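# Summary of the model geometry
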Amino acid sequence: MWHGRFSGKPDKLMQEFSESVSFDQRLWREDIAGSLAYAKELLRIKILTKKEFAEIENGFKQITAEIESGKFDWKVELEDVHMNIEARLTQIIGDAGKKLHTGRSRNDQVVTDLALWLYKRCVEIEAAARELGHTIADRAEELIDVIIPAYTHMQRAQPVRMSHQLAAYAGWMADDAGQLSFQRMFTLTDFPLGSGACTGNSFGVDMGELSDSLSQAADPRLRQRRSVNNSMRGVGDRDTAMDMLYVCAKMMTHLSRMSEDLILWSTAEFGFITLGDAVTTGSSIMPQKRNPDACELVRGKTARVVGHLMQLFMLLKALPMTYNRDLQEDKEAIFDATDQTLACLRVMKLVFSKESFRVNRKRIQAHLDSGAGYMEAMNVADWLVMRGVPFREGHDITGRLVKYCEDHNKRMMDLTAKDLAKVDKRHLKPALLKQLSLEALVERKNVHAGTAKKQVQARLKDLRRFLQG
Ligand code: ARG
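Below or above, wherever it landed, is the structure these notes cover. Computed from a prediction, not measured in an experiment: that's the story for all the values here.

With that settled, the discussion passes to the overall build of the protein. Secondary structure summary: the protein contains 19 helices and four strands in total. Relative to the globule expectation of 23 Å for 469 residues, the C-alpha radius of gyration of the protein, 31 Å, shows a markedly less compact shape. Once the C-alpha set of the protein is aligned to its principal axes, its extents read approximately 100 × 55 × 40 Å. Restricting to contacts in the protein with at least 6 residues of sequence separation, those with at least 24 account for 75%. As displayed, the protein has an accessible area near 23,100 Å², and 54% of this comes from carbon and sulfur atoms. Taking the 68 positively charged and 63 negatively charged side chains of the protein as two groups, their mean positions are separated by 6 Å.

As structure tokens, this is what we get:
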């Protein structure tokens with residue numbers, strides 16, 4: 001392609017070192033779509049004749065068929081997807097193929113391809129996030145009466161509906177999906193085709209037109225127009241990809257936290273849930289084992305995706321304007337981060353399916369009945385406040401009552417009027433004993449975002465609406 005000014009060929013080692021076709025060939029569809037849009041502009045400005053344009057169209061049809069049927073011969077010597085496709089086009093149609101690259105550079109071509117590709121990915125990931133959110137919300141609705149401890153510092157804090165915690169997870173998905181729906185729009189306005197190598201087009205290619213036609217083709221509902229308006233930024237930054245990977249990294253962090261909770265919940269120590277056969281594995285040595293591998297892998301892959309985001313930051317942070325070959329290193333990060341995120345969303349949907357996510361109500365009840373963690377204490381402090389005791393004083397009295405239980409090896413629910421009187425005769429009246437249930441404590445948070453049944457149910461309804469998008 002550029003051999004005019006060269007007398008030798010690149011070393012074989014250099015060829016293998018610098019090729020990207022082995023991984024960027026997955027952009028072939030977008031590469032052809034971008035080239036067709038560009039050819040249309042070349043036709044408009046009369047660089048191409050109608051006949052030549054028709055030849056290009058037909059050439060691309062043939063190439064599409066060849067790639068789809070696996071017959072296309074990808075060549076490492078041609079470096080990347082762009083040169084492979086262009087070379088084949090010229091081979092098939094001759095001179096018209098040689099005109100296609102007029103005023104265009106692989107620098108604007110690759111960013112355009114990536115934007116088209118990322119748009120489709122964005123749509124897929126957003127849909128998967130919404131689906132996962134709905135599946136989690138299904139479980140939350142079914143389990144509305146299950147009460148579990150909520151933890152701070154990994155110590156039992158206060159009782160909560162399991163649904164409330166599940167709704168927190170589903171809420172993450174709703175917000176992440178919402179963010180992706182914005183991201184999708186930004187991606188669709190990032191077509192720098194016409195920027196050329198970095199300074200724009202000498203032949204009158206209308207970048208705004210091109211950007212419009214590409215975005216309309218990707219999403220006919222799109223009204224907003226905001227084309228790239230600086231050719232140097234157009235080829236020299238990767239902002240859309242960085243934004244996309246940020247959303248992926250954030251989503252993965254959410255999935256990873258859910259995974260961590262489920263891993264803990266499925267231990268013998270917690271025993272809140274048993275994960276089903278579809279998402280667990282056994283051990284090659286210990287016949288009794290059931291390991292939560294799906295969740296562990298999601299947690300592990302989070303490191304990988306966050307790493308890819310960091311890779312993009314490092315790639316860009318000291319890069320002189322404009323395009324530098326370093327930027328070729330963006331692709332594997334982008335592909336893998338989005339592949340992994342999509343896969344994890346789908347696996348987590350399986351984890352939260354009715355068959356896989358099995359709740360051990362008896363075991364949870366046994367935990368609550370053990371009285372461990374003294375979660376009833378908040379009832380006492382609240383009760384005192386309602387009787388006019390300043391909260392700080394109530395906190396102290398309750399603290400002494402908990403200490404009494406600890407010293408006498410008693411659960412709070414076993415306390416008698418005599419015990420209360422021993423700790424604080426003036427404030428701790430026998431009427432308090434009827435207030436100690438955990439259920440009552442859960443129901444007392446009868447405010448927006450609180451744990452009372454009717455509140456959790458109302459928020460779940462809102463959530464379904466957000467998840468619809
Ligand atoms: N394969 C290259 C990449 O992904 C395409 C752009 C190459 N541009 C160039 N001037 N060598 O970045």
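Here we come to the site of the ligand. The local shell around the ligand consists of Ser 20, Asp 80, His 82, Arg 106, Asn 107, Val 110, Tyr 323, Gln 328 and Lys 331. Contact distances for the ligand include 3.0 Å between a nitrogen atom and a side-chain N or O atom of Asp 80. Here a nitrogen atom of the ligand and a side-chain polar atom of Asn 107 are 3.0 Å apart. The protein chains hide 87% of the 340 Å² of surface that the ligand would expose on its own. The element best represented in the shell around the ligand is helix H7 (residues 106–142), accounting for three residues. For the shell around the ligand, the per-class residue count stands at two nonpolar, four polar and three charged.

Turning to unusual backbone geometry, a few remarks are in order. Across residues other than glycine, the phi torsion is negative in most instances, and most of the peptide bonds are trans. Met 321 connects to Thr 322 through a cis peptide bond whose omega is 5 degrees. Position of Thr 322 among the secondary structure elements: in the loop between helix H12 (293–317) and helix H13 (330–351). Positive phi, normally seen in glycine, also occurs at Ala 449, with a value near 75 degrees. By the element assignment, Ala 449 lies in the loop between helix H18 (438–444) and helix H19 (453–468). On the basis of relative accessibility, which here comes to 48%, the residue Ala 449 falls in the partly exposed class.

Before going further, it helps to examine the packing of aromatic side chains. One pass over the full model with this rule turns up eight aromatic pairs. An angle of 45 degrees between the planes, with centres 5.8 Å apart, marks the rings of Trp 265 and Phe 272 as tilted. The buried category is assigned to Trp 265, whose relative accessible area is 3%. Exposure remark for Phe 272: the relative accessible area of 0% places this residue in the buried category. Between Phe 270 and Phe 272 the ring centres are 5.3 Å apart and the planes differ by 75 degrees, which places this aromatic pair in the edge-to-face class. Classification of Phe 270 as buried rests on a relative accessible area of 15%. Chaining the aromatic ring pairs together yields one cluster made of Tyr 151, Trp 265, Phe 270 and Phe 272. Over the ring of Phe 335 we find Arg 26; its NZ or CZ atom is 4.7 Å from the centre of that ring. In this arrangement the basic side chain of Arg 465 is found over the ring face of Phe 466, its NZ or CZ atom lying 5.7 Å from the centre.

Tallied over the full model, the rule gives 41 salt bridges. Note that Asp 138 and Arg 464 form a salt bridge whose closest N and O atoms lie 2.6 Å from each other. One end of the pair, Asp 138, is in helix H7; the other, Arg 464, is in helix H19, and 326 residues separate them in sequence. Judged by relative accessible area, Arg 464 falls into the buried class, the value being 17%. Across the pair Lys 453 and Asp 145 runs a salt bridge whose closest N-O atoms are separated by 3.0 Å. On the criterion of sequence distance, the pair formed by Lys 453 in helix H19 and Asp 145 in the loop between H7 and strand E1 (147–152) is long-range, its members being 308 residues apart. Judged by relative accessible area, which is 46%, Asp 145 ranks as partly exposed.

Turning our eyes to something else, we now look at the packing of helix H4 (residues 50–68) against helix H5 (residues 81–93). When two helices pack together, you describe them by how their axes are tilted relative to each other and by the distance separating the axes. Direction vectors running N to C along H4 and H5 enclose 120 degrees, while the axes themselves pass 9 Å from each other. Considering only the axes of H4 and H5, their crossing is right-handed. Residues Glu 55, Ile 56, Gly 59, Phe 60, Gln 62, Ile 63, Glu 66 and Ile 67 of H4 pack against Ile 85, Arg 88, Leu 89, Ile 92 and Ile 93 of H5. Looking at the contact of H4 with H5 residue by residue, the classes come out as eight nonpolar, two polar and three charged.

So, on to the packing of helix H11 (residues 239–265) against H12. Where H11 meets H12, the axes come as close as 8 Å, and the angle between the chain directions of the two elements is 155 degrees. Classified by the interaxial angle, the pair formed by H11 and H12 is roughly antiparallel. The handedness of the crossing between H11 and H12 is left-handed. Among the residues making up the contact of H11 with H12, the classes are represented as 18 nonpolar, five polar and four charged.

In globular proteins that are soluble, nonpolar side chains generally tend to be buried together. The biggest cluster of nonpolar side chains holds 102 residues, and the ones touching the most others in it are Met 162, Leu 255, Trp 265, Phe 352 and Phe 357. Not counting residues up to four positions away in its chain, the partners in contact with Phe 357 are Arg 139, Leu 143, Met 162, Leu 166, Leu 262, Trp 265, Ile 273, Thr 274, Val 351 and Phe 352. Counting 18 residues, the second largest nonpolar core, distinct from the first, contains Tyr 374, Ile 397, Leu 428 and Leu 432.

Two faces, one strand: in a regular strand the side chains alternate between the faces of the sheet. Relative to strand E2 (residues 155–161), E1 runs antiparallel, the two being bridged by six bridges. Note on E2: the bridge partner recorded for Ile 148 is Val 160. What sits between the antiparallel neighbours E1 and E2 is a turn of two residues, in which His 153 has the positive phi angle 55 degrees.

A cluster of nonpolar side chains, namely Met 310, Phe 313 and Met 314, defines an oily patch on the protein surface of about 300 Å² accessible area. Among the secondary structure elements, Met 310 is positioned in helix H12.

On to the side chain of Arg 464. Polar side-chain contacts of Arg 464 include one of 3.2 Å to the side chain of Glu 141. Ignoring sequence-local partners within four residues, the contact set of Arg 464 consists of His 134, Ala 137, Asp 138 and Glu 141.

The rules behind each value
- Counting restarts for each chain: residues are numbered from 1 in the order of the written sequence.
- Per-residue local features of the predicted model are confined to residues with pLDDT of at least 70, and side-chain atom pairs are confined, for both listing and counting, to 80 or more; whole-chain, interface and lining totals are unaffected and use all residues.
- Neither water nor hydrogens contribute to the side-chain values; these are computed over all heavy atoms in the structure.
- Each helix corresponds to a stretch of at least 4 residues labelled H or I by DSSP, and each strand to a stretch of at least 2 residues labelled E; elements are numbered beginning at the N terminus.
- Our radius of gyration is a C-alpha quantity, and the globule rule it is checked against amounts to 2.2 Å times the number of residues to the power 0.38.
- When checking whether two residues touch, look at their non-hydrogen atoms; a contact exists if any pair is within 4.5 Å.
- Residue exposure ignores everything except the shown protein chains as possible cover, and the areas themselves are Shrake-Rupley values with a 1.4 Å probe.
- As used throughout, the charge tally considers Lys and Arg to be positive and Asp and Glu to be negative, leaving His and the chain termini uncounted.
- We put the charge of a Lys on NZ, of an Arg on CZ, of an Asp on CG and of a Glu on CD.
- What makes a residue near a molecule or strand is one non-hydrogen atom of that residue sitting within 4 Å of it.
- In the analysis that follows, any N or O atom pair within 3.5 Å is treated as a polar contact, provided that within protein one partner can donate a hydrogen and the other can accept it, and provided that, for residues neighboring in sequence, both atoms belong to side chains.
- Only Asp, Glu, Lys and Arg are considered charged, only Ala, Val, Leu, Ile, Met, Phe, Trp, Tyr, Cys and Pro nonpolar, and every remaining residue, Gly among them, polar.
- We call a residue buried when its accessible area falls under 20% of the maximum for its residue type, exposed when it is over 50%, and partly exposed in between, using a 1.4 Å probe and counting protein chains only.
- Planes of paired rings set the category: under 30 degrees apart is stacked, over 60 is edge-to-face and the rest tilted, where pairs are Phe, Tyr or Trp rings (Trp by its six-membered ring) whose centres lie within 6.5 Å.
- By definition here, charges over rings are those cases where NZ of Lys or CZ of Arg is within 6 Å of the ring centre and within 35 degrees of the ring normal.
- Should a side-chain nitrogen of Lys or Arg be within 4 Å of a carboxyl oxygen of Asp or Glu, the pair is scored as a salt bridge.
- Between N-to-C directions, angles cover 0 to 180 degrees, with each direction set by a line fitted to C-alpha atoms, over the stretch in contact for helices.
- A crossing counts as left-handed when the near helix is turned anticlockwise from the far one by less than a right angle, and as right-handed when that turn is clockwise.
- When describing relative orientation, an angle under 35 degrees is termed roughly parallel and one over 145 degrees roughly antiparallel, while 65 to 115 degrees is termed roughly perpendicular and anything else oblique.
- We define a nonpolar core as any set of buried Ala, Val, Leu, Ile, Met, Phe, Trp, Tyr and Cys residues linked to one another through side-chain atoms lying within 4.5 Å.
- Two strands are said to pair when DSSP picks up at least two bridges between them.
- What makes a patch is a set of residues exposed beyond 30% relative accessible area and free of salt bridges, joined within 9 Å when like-charged and within 5 Å when nonpolar (Val, Leu, Ile, Met, Phe, Trp, Tyr).

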